[in-house]
Structures are given as C-alpha cells and as structure tokens.
Amino acid sequence: MAKIHMLLQGKGGVGKSVAAAFLAQYKLERGHALTCIDTDPVNATFNGYKALGVQLLQIMEGDEINPRSFDTLIEMIAAAQGDVVIDNGASAFVPLSHFVISNQVPALLGTMDNQLIIHTVVTGGQALLDTVSGFAQLLGQFREGEAQFVVWLNPFWGAIEQEGKPFEQMRAYSAYRERVSAIVQLPDLKKETYGRDLAEMLQARLTFDEALSQETLTIMTRQRLKIIKGQVFGQLDKAAVL
C-alpha cells in the first residue's frame, strides 16, 4: 500500500516545507520509491529542493486558486510509483481541504490501494494558538478512519506550552488523542550553533546529504547537521504510520 503524505496547516511560515523536506529525505534514505509535489502558489519552498525532484503543480488561474487544478493532483498521485509527499501552502489550505473532503478523496485513495496520512505543524511563540486551533480544525473536518494524522512540533519561535501545559496536555490534543498516529518533535536548537547551521542549510534548499558532502563547510558544522539528522530520522523510525 502506497502512503500519500499531505502537509496541511492554515498558518503560514510555521515549517510545513521543512517537515516535507525532512520526511522526503527520510523516505528516500530508507529506500522508498517517492514522488514529491509542491502545490504552494506563493512560496513553493519545497520545489526548491532540486535533489528531491519536487514537481510543482500550478493551482492558480489569474489571481485565484482554481479548485479543478486539484484534479491534476489526483492524477499525479495515481501515476506515482510508491509513496507521495505533498507540501501545500497556507493560502491553499482551505481550498485543498475542501476539495479532499467534498470529493471523498480519502475513500477514492483507498480504492487505489493508497493510504492518506495528513501532517500538520504546531509551533510555539505568537503562532501557538493559531496552529493549535488549525490542528483541531483539521482533525474535526475529517471523519474517523478517513486519514492518519502526524503532528510536527516546531519550537523554533518559542516553547510549545499553553498555561504551562505542553501540547500533549492541551485540550485540543486531548480531544483528538486517539486519532494522532505520531508526534515528531523538531529539535529546540541554539541559534548561534545548531540553529544557524540548520538555517543556512534550509535557506540554500540543501538536503542533509548534500550539505554533509560539502567540504567548504567546517567539520563542526557538518557534525552538528549530522546530529540533527540523526535526531529527526530517529523519531521518524519510531513512527510506524510512516
């Protein structure tokens, strides 16, 4: 059974493309056949990873999103060999979610021997409430059994806490606990060392392997990137749903 991984979150700039890139690299390193698709009509960050062969799906018609462009997305999924990772921009969150639900896409994918896995990002700082709300809204839209859900916790902008409670103790998570298949905790990185190295790698749209092969990087920069990769991939190894 092929797994269709779809990144969805209504808040922009929270790390969806980072999660998509990490997931795609993990899948490829573990030997999975993979197709990567970027539907973000604004930034198309995922498409910038040339090593991942990301296909860009144009969903804009003039100044508006054309919902029928998502028909093409289903055709791309049907033609894919193996798993699929789809990064979706915040501006297309509502149209794509509506398309998936109103067209009964989860059931359709099931008839194609595909399993839908939806990934969403929750972050700290000012976007905490928005992303937690987005998480609850997203799970509330789907009926139980239609999709598996994976939550990525991104502490880059601050601790993911509400009134002293971590995400796993928040009311929104408690309401949907049984439907969350895995939680991936991104590292809380010190900005002057690990954080800076990772940020520069992400800005250059490099994969871990590309960065680690660059002799222009210092030995310690490559060492820190290797540690980050190990931390993230180690968690993904434990997520049976992947």
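It should be emphasised that the depicted structure is a prediction, and the values quoted were computed from it without experimental measurement.

(A) Geometry of the environment of Asn 47. Relative to the helices and strands, Asn 47 is located in the loop between β2 (34-38) and β3 (55-56). The class for Asn 47 is buried, based on a relative accessible area of 18%. The spatial distance from the C-alpha of Asn 47 to the C-alpha of Asp 87 is 9.0 Å, given a sequence separation of 40 residues.

(B) Spatial organisation of the pattern of salt bridges. Tallying each qualifying case throughout the model produces ten salt bridges. The shortest N-O distance in the salt bridge between Lys 229 and Glu 29 comes to 2.6 Å. Taken together, the positions of Lys 229 in helix α9 (residues 219-238) and Glu 29 in helix α1 (residues 16-29) put the pair 200 residues apart, joining distant regions of the chain. Note on Lys 229: relative accessible area 12%, which makes it buried.

(C) Fine view of the nonpolar core. Of all hydrophobic cores here, the largest spans 40 residues; its most connected members are Leu 116, Val 122, Phe 135 and Phe 167. Once residues lying within four places of it in the same chain are set aside, the contact partners of Phe 135 are Gln 9, Thr 120, Val 122, Val 151, Phe 167, Ala 172, Tyr 173, Tyr 176 and Val 180. Counting 39 residues, the second largest nonpolar core, distinct from the first, contains Ala 20, Val 54, Leu 189 and Phe 208.

(D) Layout of the pairing of strand β7 (residues 114-123). Within β7, nine of the ten residues are buried, leaving the element largely enclosed by the surrounding structure. Alignment of strand β1 (residues 2-7) against β7, held across six bridges, turns out to be parallel. Bridge pairing in β7 places Lys 3 opposite Gln 115. Of the pairings in the sheet, the one linking β7 to strand β8 (residues 148-154) comprises seven bridges and is parallel in character. By the bridge assignment for β8, Thr 123 is matched with Asn 154. With helix α5 (residues 128-141) bridging β7 and the parallel β8, this β-α-β connection has right-handed handedness.

(E) Structural context of unusual backbone geometry. A positive phi angle is found at Ala 44, which is not glycine, with a value near 50°. Looking at the secondary structure, you find Ala 44 in the loop between β2 and β3. Of note in this structure, Arg 205 is not a glycine but carries a positive phi near 55°. Relative to the assigned elements, Arg 205 resides in the loop between α7 (191-203) and α8 (208-212). Arg 205 gets classed as partly exposed once you look at its relative accessible area, which sits at 30%.

Rules behind the numbers
- Residues numbered from 1 in each chain as written.
- Predicted model: local features only at pLDDT ≥ 70, side-chain atom pairs only at ≥ 80, totals over all residues.
- Heavy atoms only, no water.
- Helix = DSSP H or I, 4+ residues; strand = E, 2+ residues; numbered from the N terminus.
- Buried < 20%, exposed > 50% of the residue type's maximum accessible area, 1.4 Å probe, protein only.
- Salt bridge = Lys/Arg side-chain N within 4 Å of Asp/Glu carboxyl O.
- Core = buried A, V, L, I, M, F, W, Y, C linked by side-chain atoms within 4.5 Å.
- Contact = heavy atoms within 4.5 Å.
- Pairing = 2+ DSSP bridges.
- Right-handed = clockwise from strand over helix to strand, strands pointing away.

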